Structures are given as structure tokens and as C-alpha cells.
Amino acid sequence: QVQLVESGGGLVQAGGSLRLSCAASGRTFSFYNMGWFRQAPGKEREFVADMSWNDGRTLYADSVKGRFTISRDNAKNTVSLQMNTLKTEDTAVYYCAADKRPLWGVEPNYWGQGTQVTVSS
């Protein structure tokens, strides 16, 4: 059982940075793949990034590759998303997600409540 709580969202100017954090509870946290999705108004939810629990392999959506970095600290039960060079099109609700399966191409079993990221010009 995994519970996820996101934080760190807010309003930022284009070109700026934000760091999202996801606090996870549950003793099995280390054995779940963790990642981030986002959903902008009027658009479908899209995959952003994930990180495998076993080998630390990361995967990024093309739209964020080179700008966003996912990391996890199993000792602290946290997963973070460092977002740099933010663009207005990054505006969305960002969700932390977890699953024992790789997150790419699946519907994760566990979700956070979401945190709003708004990028203004």
C-alpha cells in the first residue's frame, strides 16, 4: 500500500524553475516505480517522467527531456521533479504516481492528489 502527497507547485514566470516533491508512505515504497504525470485544462493526462525502483532508469516525455529531472530518495521516501526552463505550456496539474509496473504505457495504481503548476509570461 502506497500513499502519495505532492507539494511544491505554484506560480512561476516562464524561464524559471520549480521543484515538485512527492512524499510517499508505506514500507514497500522502495519497490515501486515512481513517476509524474500532468494534465492541462482541456487536454488528456500525459506522462512526464518515471524512475525504476531497481536500477534507477529514468524515462522522460519528449516535451520535457533536457529540462526536467526526476529523482528519488528511498531513505526519505520522496520523489522529486526538478523543472527548469519552464514554459507556459508546462502549466498543468502535476500528479505523482506509483506502480510496481513501469509507468510508461500503464494506468498506475497509486496517485497523489495533484499540485498546480502555473507558468506565466
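Predicted, not measured: the structure shown is a model, and the values here were computed from it. Numbering of residues starts from 1 in every chain and runs along the sequence as written. Selection of residues for local features in this predicted model requires a pLDDT of at least 70, selection of side-chain atom pairs for listing and counting requires 80 or more, and totals for whole chains, interfaces and linings are taken over all residues. In computing side-chain values, all of the structure's heavy atoms are included and hydrogens and water are not.

Asker: Would you mind going over the pattern of salt bridges with me for this structure?
Answerer: Close approach of charged atoms allows side chains of opposite charge to pair. Take a side-chain nitrogen of Lys or Arg and a carboxyl oxygen of Asp or Glu: if they are within 4 Å of each other, that pair is a salt bridge. Under the defined criterion, the tally for this structure stands at five salt bridges. In this structure, arginine 45 engages glutamate 107 in a salt bridge whose closest nitrogen and oxygen atoms are separated by 2.5 Å. Taken together, the positions of arginine 45 in the loop between β4 (33-39) and β5 (46-51) and glutamate 107 in the loop between β9 (92-99) and β10 (110-111) put the pair 62 residues apart, joining distant regions of the chain. Residue burial is assigned from relative accessible area. The probe radius is 1.4 Å, only protein chains are included, and a residue is buried under 20% of its type maximum, exposed over 50%, and partly exposed in between. For glutamate 107, a relative accessible area of 46% corresponds to the partly exposed category. Note that aspartate 90 and arginine 67 form a salt bridge whose closest N and O atoms lie 2.8 Å from each other. Pair noted here: aspartate 90 is in the loop between β8 (78-83) and β9 and arginine 67 is in the loop between β6 (58-60) and β7 (68-73), with a separation of 23 residues, a long-range link. Secondary structure elements follow DSSP: runs of H or I of four or more residues count as helices, runs of E of two or more count as strands, with numbering from the N terminus.

Asker: In this structure, what is going on with the sheet that holds β7? I would like to understand it.
Answerer: To summarise the sheet geometry, strands pair through backbone hydrogen bonds and adopt either a parallel or an antiparallel arrangement. Any two strands between which DSSP finds at least two bridges are classified as paired. Here we have four strands laid out as an open sheet, ordered β1-β3-β8-β7, and antiparallel in their pairing. The open sheet has two free edges, formed respectively by β1 (3-7) and β7, since each of these has just one partner strand. Between one strand axis and the next, the sheet turns by 15° as a mean value, whatever way the strands run. Bridge analysis of β1 against strand β3 (residues 18-25) gives five bridges, and the strand direction is antiparallel. Directly across from leucine 4, in β3, lies its bridge partner alanine 24. To get an axis, fit a line to the C-alpha atoms, keeping to the stretch in contact for a helix; angles then go from 0 to 180 degrees between the N-to-C directions.

Asker: So what exactly am I meant to see when it comes to the environment of leucine 20 here?
Answerer: Looking at where leucine 20 falls in the secondary structure, it is placed in strand β3. On the basis of relative accessible area, leucine 20 is assigned to the buried category, the value being 0%. In this structure, the C-alpha to C-alpha distance between leucine 20 and tyrosine 94, residues 74 residues apart in sequence, is 8.6 Å. Contacts are assigned to residue pairs that have any heavy atoms within 4.5 Å of one another. For leucine 20, the residues in contact, after removing those within four places along its chain, are Ser7, Gly8, Gly9, Trp36, Val79, Ser80, Leu81, Met83, Tyr94, Thr115 and Val117.

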